[in-house]
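Spelled out from the first residue to the last, the chains are:
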Amino acid sequence: MPAQLNHTIVWCSDKKRSSAFLAEMLGLPAAVPFANFLVVPLENGISMDFMEKEGPIAMQHYAFLVSDAEFDAGMAKIAEKGLTYWADPARQGGQPDQPPLGRPRGLFRGPRRPLPGNDHQTLRIGGGSMSPNGTDTANELSVTRFIAAEPAKVWDIMVNRTEEWWCPKPWRAEIDEQDRRPMGVCNMTFYGPDGEQSPQNGIYLAYEEGKRFVTTDAVTADFEPSGPFMIGIWEIEPESDGTRYTARARHWSEETRKQHEEMGFVEGWGVCADQLKALCEAD
């Protein structure tokens, strides 16, 4: 068989602390012990094997290709922890940049003890323009939240109390018709505080109980074509003792993606995510 990278050793002064840091930043399962290592497995079969070493530790550099949502989640954690980060290995830029291929980068240093030279772990999170199955997602926008509630509860509120979180207040959403199955109708209307009405009609492309649902406005009831704006994907997955919620909007063109950004995608979908989070964590 062709040679494949199986694992790499990550030298550190505190393997428990360093492996936990990597797992948290990348949204990975907790490290597992193996011999003298703490091992963090990655999705492509490679593992990061943390091994303690006395004395100074040379700089180490690791690059990870992740989705846009995972990139945003990682950068949010960096900001929350107040970590210093750069845009390149030379540590020149103070913000993530936009290198060739449209893949933003954030370079940051891992946990360190007060003494210099003890635990110099450097990671790069690369927000890829590819989805996990290789699909080009250059025109995708997304928001993500960690919700401190079990997935079953989050899913129940997502699909059965949709009207309570789907619109940024003071707007509200009313479901007109739903047929929760692939190619089923998905119609609702948004109502504004001054009497505004905005129909939101489409169909389900996928409905996977307890995991995700996917809709589009490209087709309406009876397979009538409509002016397509996006494909919406709402999904959840277990994460530590809670749930990772991610909402994605995939657009047919750069023009419509930019239009959605200018309409306030981040703020609007972010508010909806926060409303869902509050409902799920209320009890």
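Relevant structure appears above.
This structure is a prediction, so every number in the text was calculated from the model and none was measured.

Conventions we followed
- Residues numbered from 1 in each chain as written.
- Predicted model: local features only at pLDDT ≥ 70, side-chain atom pairs only at ≥ 80, totals over all residues.
- Heavy atoms only, no water.
- Helix = DSSP H or I, 4+ residues; strand = E, 2+ residues; numbered from the N terminus.
- Buried < 20%, exposed > 50% of the residue type's maximum accessible area, 1.4 Å probe, protein only.
- Contact = heavy atoms within 4.5 Å.
- Areas by Shrake-Rupley, 256 points an atom, 1.4 Å probe, with all protein chains shown as cover.
- Phe/Tyr/Trp six-rings, centres within 6.5 Å; stacked < 30°, edge-to-face > 60°.
- Core = buried A, V, L, I, M, F, W, Y, C linked by side-chain atoms within 4.5 Å.
- Pairing = 2+ DSSP bridges.
- Axes fitted to C-alpha atoms, helices over the stretch in contact; angles between N-to-C directions.
- Patch = residues over 30% accessible without salt bridge, like charges linked within 9 Å, V, L, I, M, F, W, Y side chains within 5 Å.
- Salt bridge = Lys/Arg side-chain N within 4 Å of Asp/Glu carboxyl O.
- Parallel < 35°, antiparallel > 145°, perpendicular 65-115°, else oblique.
- Left-handed = near helix turned anticlockwise from the far one by under 90°.

Take the overall build of the protein chain next. Assigned secondary structure in the protein chain consists of five helices and 17 strands. A burial count over the protein chain gives 46% of its 283 residues as buried. Taking all contacts inside the protein chain whose residues are at least 6 apart in sequence as the whole, residues at least 24 apart take part in 53%. Accessible surface, the protein chain as shown: approximately 15400 Å² in total, 53% of it carbon and sulfur.

Here the structure, examined in full by the defined rule, presents twelve aromatic pairs. With a centroid separation of 5.6 Å and an interplanar angle of 90°, the aromatic rings of Tyr 204 and Tyr 207 are classed as edge-to-face. The class of Tyr 207 is buried, set by a relative accessible area of 15%. With a centroid separation of 5.4 Å and 20° between ring planes, the pair formed by Phe 213 and Trp 234 is classed as stacked. Residue Phe 213 is located in strand β13 (residues 212-216), and its partner Trp 234 is located in strand β16 (residues 230-239); the two are separated by 21 residues in the primary sequence. Like Phe 213, the residue Trp 234 is buried in the burial classification. Here a set of aromatic residues connected by ring pairs shows up, and it is made of Trp 155, Trp 165, Trp 166, Tyr 204, Tyr 207, Phe 213, Trp 234, Tyr 245, Phe 265 and Trp 269.

Met 158, Trp 165, Phe 213, Trp 234 and Tyr 245 are the most contacted members of the largest nonpolar core, which totals 33 residues. Elements represented by at least two residues in this core include exactly β9 (140-147), α3 (151-160), β11 (185-191), β12 (197-208), β16, β17 (242-251) and α5 (265-281). The dominant element in this core, judged by the number of residues it contributes, is α5, at seven residues. In this structure, Trp 234 is in contact with Met 158, Trp 165, Trp 166, Lys 211, Arg 212, Phe 213, Thr 215, Tyr 245, Thr 246, Ala 247 and Trp 269, ignoring residues within four places of it in sequence. By size, the runner-up hydrophobic cluster in this structure holds 18 residues, among which are Phe 64, Phe 71, Met 75 and Ile 78.

Glancing now at the sheet that holds β12. Taken in spatial order, the seven strands of this open sheet run β9-β17-β16-β13-β12-β11-β10, and their pairing is antiparallel. Edge strands, defined here as strands with exactly one partner in the open sheet, are β9 and β10 (172-178). On average, each strand axis in the sheet is inclined to that of its neighbour by 25°, with strand direction left out of account. Alignment of β16 against β17, held across ten bridges, turns out to be antiparallel. Counted as the bridge partner of Ile 231 is Arg 250 from β17.

Turning our eyes to something else, we now look at a nonpolar patch on the surface. On the surface, Met 183, Leu 205 and Phe 223 cluster together to form a nonpolar patch covering roughly 290 Å² of accessible area. If you trace the backbone, Phe 223 turns up in the loop between β14 (219-220) and β15 (224-225).

Looking now at the environment of Thr 256. By secondary structure assignment, the location of Thr 256 is in helix α4 (residues 254-262). Residues Thr 256 and Asn 139 lie 117 residues apart in sequence; the distance between their C-alpha atoms is 8.4 Å. Look past the residues within four positions of Thr 256 in its chain and what remains in contact with it is Phe 229 and His 251.

Quick look at the packing of α3 against α5 now. Geometrically, a packed helix pair is captured by the angle between its two axes and the distance between the axes. Relative orientation of the contacting elements α3 and α5 amounts to 125°, with a least axis distance of 10 Å. Considered as vectors, α3 and α5 are oriented oblique to each other. Of the two possible hands of crossing, α3 and α5 adopt the one that is right-handed. Together, Lys 153, Val 154, Ile 157 and Met 158 of α3 and Leu 276, Leu 279 and Cys 280 of α5 make up the contact between the two elements.

Looking now at the pairing of strand β3 (residues 37-41). Within β3, four of the five residues are buried, which leaves the element mostly enclosed by the surrounding structure. In this structure, strand β2 (residues 32-34) lies alongside β3, joined through three bridges in antiparallel fashion. Residue Phe 34 lies in a different strand from β3, and its bridge partner there is Phe 37. With antiparallel pairing between neighbouring strands as the criterion, β2 and β3 make up a hairpin whose turn holds two residues, including Ala 35 at a positive phi of roughly 55°.

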